[in-house]
Amino acid sequence: MKNLLLFAAGLFLSLSASSQILKPVKWGYVAKKTSATEATLFIKATIEDGWHIYSQNMADGGPVRTTFTFPVSKAYKLVGKTVEPKPITKFEKSFEMNVSYFEKSAIFQQKIKFTGANPTVKGSLEFMVCDDQQCLPPETVEFSIPVTK
């Protein structure tokens, strides 16, 4: 009986150790000052091989699109919308529609204008990542990007 309990405990621990949480997308952030009163934020998704994230510009009824949220701040204001690179667009059977997505990496850009001293841009992004067999639940990531004048 003791050996059976030890075997069961060992099996449980080995299964727990081998099952890892999938995190196929890593996010990086940097701000580059473009003038005395403006900067561009660069928000980069690095995507593992075989996976993809979706464009901000997609029709309803499909996968969760990538979205950026920037709360109102006294230190800066947004200039225009968040710009993305040209996505790959193709028909995906699982969604029964054309979808636009990014593989390997994507750099999103947001321009800001300073309205205060030493702004730090805080916000969040939501995205969904899929491969050819599965989609992971949508994920929200918070970020904070210091902008040095």
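Data block above holds the structure.
A brief structural summary. (Residues numbered from 1 in each chain as written. Predicted model: local features only at pLDDT ≥ 70, side-chain atom pairs only at ≥ 80, totals over all residues. Heavy atoms only, no water.)

### Some words on the overall build of the protein chain
Across its full length, the protein chain carries one helix and 11 strands. A sequence separation of at least 24 residues applies to 68% of the contacts in the protein chain between residues at least 6 apart. Per element, the accessible surface of the protein chain, about 9,700 Å² overall, is 57% carbon and sulfur. (Helix = DSSP H or I, 4+ residues; strand = E, 2+ residues; numbered from the N terminus. Contact = heavy atoms within 4.5 Å. Areas by Shrake-Rupley, 256 points an atom, 1.4 Å probe, with all protein chains shown as cover.)

### Notes on unusual backbone geometry
The residue Glu-96 is not glycine, and still its phi comes out positive at about 55 degrees. Relative to the helices and strands, Glu-96 resides in the loop between β6 (88-92) and β7 (97-103). Phi is positive for Lys-104, which is not a glycine, with a value near 65 degrees. For Lys-104, the position within the fold is in the loop between β7 and β8 (105-114). Here Lys-104 falls in the exposed class, since its relative accessible area comes to 54%. (Buried < 20%, exposed > 50% of the residue type's maximum accessible area, 1.4 Å probe, protein only.)

### What to know about the nonpolar core
Grouped together as the largest cluster of nonpolar side chains are 27 residues, with contacts concentrated most on Trp-27, Ile-43 and Ile-53. Elements that contribute at least two residues to this core include exactly β1 (25-33), β2 (38-47), β8, β9 (120-127) and β11 (139-146). Here the element with the most residues in this core is β2; it accounts for five residues. Those residues in contact with Ile-53, other than ones at most four positions away along the chain, are Val-25, Trp-27, Ala-45, Ile-47, Thr-66, Tyr-101, Phe-102, Phe-108, Phe-127, Met-128 and Val-129. Residues Phe-95, Val-99, Met-128 and Cys-130 belong to the second largest nonpolar core, which totals eight residues. (Core = buried A, V, L, I, M, F, W, Y, C linked by side-chain atoms within 4.5 Å.)

### Thoughts on the packing of aromatic side chains
Considering all chains together, one arrives at seven aromatic pairs under this definition. Between Trp-27 and Phe-108, the ring centres sit 6.3 Å apart and the planes meet at 35 degrees, which makes this aromatic pair tilted. Here Trp-27, found in strand β1, pairs with Phe-108, found in strand β8; they are 81 residues apart in sequence, far enough to count as distant. The two residues Trp-27 and Phe-108 agree in class, both being buried. Their ring planes at 55 degrees and their centres at 5.0 Å tell us that Phe-68 and Phe-108 sit as a pair that is tilted. Taken as a pair, Phe-68 in strand β4 (residues 67-69) and Phe-108 in strand β8 lie far apart in primary sequence, 40 residues in all. (Phe/Tyr/Trp six-rings, centres within 6.5 Å; stacked < 30°, edge-to-face > 60°.)

None of this, on its own, says anything about what the molecule does.
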